[in-house]
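Observations on chain architecture
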Amino acid sequence: MSNQLVGEEKMKNPSVRVRADLLADFDDVVEESERWNSRSDAIRDFMASVVDNPDVDDDDGRMPPVDDNLAEAYEVLCSLTVNGFVTEDRVLSVLAQQQGMKKAVARQTLVIPLVKSGYAERMSNVTGDTAVKALQ
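For every chain, the first residue of the written sequence is number 1, and numbering continues from 1 along that sequence. Under the rules for a predicted model, residues below a pLDDT of 70 receive no local features and side-chain atom pairs below 80 are neither given nor counted, while totals for whole chains, interfaces and linings still include all residues. To obtain the side-chain values, all non-hydrogen atoms of the structure were included, while hydrogens and water were left out.

**Details of a nonpolar patch on the surface**
Stated formally: Only residues above 30% relative accessible area that lack a salt bridge enter a patch, with like-charged residues linked at up to 9 Å and the nonpolar side chains Val, Leu, Ile, Met, Phe, Trp and Tyr linked at up to 5 Å. Per-residue and other accessible areas were derived by the Shrake-Rupley procedure at a 1.4 Å probe size, with only the shown protein chains allowed to occlude residues. What counts as a salt bridge is simple: a side-chain nitrogen of Lys or Arg found within 4 Å of a carboxyl oxygen of Asp or Glu. For the purposes of this entry, the term helix denotes a DSSP run of H or I that reaches at least four residues, the term strand denotes a run of E that reaches at least two, and both are numbered from the N terminus. The buried label goes to any residue with under 20% of its type's maximum accessible area, the exposed label to any with over 50%, and the partly exposed label to all in between, with areas taken from a 1.4 Å probe on protein chains only.
Nonpolar side chains collect at one region of the surface, where F26, I43, F46, M47, V50 and V66 lie side by side and expose about 480 Å² of accessible area between them. Ranked by the residues each element gives to the nonpolar patch, the list is headed by helix α2 (residues 39-52), at four residues. Tracing the backbone through its elements, the reader meets F26 in helix α1 (residues 20-32). What makes F26 partly exposed here is its relative accessible area of 31%.

**Digging into the pattern of salt bridges**
Per the stated rule, a full pass over the model turns up eight salt bridges. A salt bridge links R35 to D45, with the shortest nitrogen-to-oxygen separation between them at 3.0 Å. Pair noted here: R35 is in the loop between α1 and α2 and D45 is in helix α2, with a separation of ten residues, a long-range link. Relative accessible area serves as the criterion here: at 42%, R35 is assigned to the partly exposed category. Taking the relative accessible area as the measure of exposure, D45 reaches 23% and is therefore partly exposed. Residue E88 is joined to R107 by a salt bridge in which the shortest nitrogen-to-oxygen separation is 3.6 Å. Within this pair, whereas E88 is found in helix α4 (residues 88-99), its partner R107 is found in helix α5 (residues 103-116), the two being separated by 19 residues in sequence. Since its relative accessible area comes to 4%, E88 is described here as buried.

**As for the side chain of E88**
Heads up, the rule is: Polar contact is the term for a pair of N or O atoms within 3.5 Å; when the atoms are in protein, one must be able to donate a hydrogen and the other to accept it, and sequence-neighboring residues count only if both atoms are side-chain atoms. The contact definition used throughout considers only heavy atoms, calling two residues in contact when any of these lie within 4.5 Å.
At 2.8 Å, the side chain of E88 forms a polar contact with the side chain of R122. The residues touching E88, leaving out its near neighbours within four places in the chain, are R107, V111, R122, T130, A131 and V132.

**Regarding a negative patch on the surface**
Applied cut-off: Note that His is not counted, nor are the chain ends; the positive residues are Lys and Arg, and the negative ones are Asp and Glu. Charged side chains are reduced to one point each, which is NZ for Lys, CZ for Arg, CG for Asp and CD for Glu.
Where like charges cluster on the molecular surface, the negative patch consists of D67, D68, E72 and E75. The exposure class of D67 is partly exposed, given its relative accessible area of 31%.

**A word on the nonpolar core**
Across soluble globular proteins, nonpolar side chains have a tendency to be buried as a group. Stated precisely, the cut-off is as follows: Residues enter a nonpolar core if they are buried and are Ala, Val, Leu, Ile, Met, Phe, Trp, Tyr or Cys, with the set joined through side-chain atoms within 4.5 Å.
Core analysis: the biggest nonpolar cluster contains 20 residues, and L77, V91, L95 and L114 have the highest contact counts within it. Going through the elements one at a time, α3 (68-80), α4, α5 and β3 (130-134) are the ones with two or more residues in this core.

**Description of the packing of α3 against α4**
Put simply, the rule is: Here an axis means a line fitted to C-alpha atoms, over the contact stretch when the element is a helix, while the angle between two N-to-C directions is reported on a 0 to 180 degree scale. Convention used here: angles under 35 degrees read as roughly parallel, angles over 145 as roughly antiparallel, angles from 65 to 115 as roughly perpendicular, and any remaining angle as oblique. By definition, any crossing whose near helix is turned counterclockwise from its far helix by less than a right angle is left-handed, and any crossing with a clockwise turn is right-handed. Note that Gly is not counted as nonpolar here; it falls among the polar residues with everything else outside the nonpolar set of Ala, Val, Leu, Ile, Met, Phe, Trp, Tyr, Cys and Pro and the charged set of Asp, Glu, Lys and Arg.
At a closest axis distance of 10 Å, the pairing of α3 and α4 adopts a crossing angle of 135°. The angle between α3 and α4 falls in the class oblique. Helix-helix and strand crossings are classified by hand; for α3 and α4 the assignment is right-handed. Taking contact as the criterion, the partners of N69, E72, A73, V76, L77 and L80 in α3 are, on α4, R90, V91, V94, L95, Q98 and Q99. Taken together, the residues that form the contact of α3 with α4 break down as seven nonpolar, three polar and two charged.

**What to know about the packing of α1 against α2**
Two numbers describe how α1 lies on α2: the axes approach to 9 Å, and their chain directions differ by 95°. On the basis of the axis angle, α1 is roughly perpendicular to α2. Facing α1, whose interface residues are L23, F26, D27 and V30, α2 presents R39, A42 and I43. A class-by-class count of the residues in the contact of α1 with α2 yields five nonpolar, no polar and two charged.

Okay, here's the thing in structure tokens:
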């Protein structure tokens, strides 16, 4: 791609150092997403969201997910996990009811993407029950 734009429209090539595992996880999210065609698209989109909404953050300064459905699911998860983990079944019940979807769909489209993007953590106990915690 040629960088023939002039003035403020000219594209820049910033360099960022990042842990290899974080980059690999980020690339997986981008690849699985239908929203972005490349890592650069995703980074530009994130940068634009920060510039367009610099004051949007929760109490501790963590930016909510850019995707509206994930942001809403993250808010619900935060409200359910006041101190620690909450059962995944409880989270899925609330999200499924709010979104008008089945629990399995809520897990695949909301909970798992929140975990993969670092907004939530899932943990199983010895009996096989799964719990979820919002990472704040």
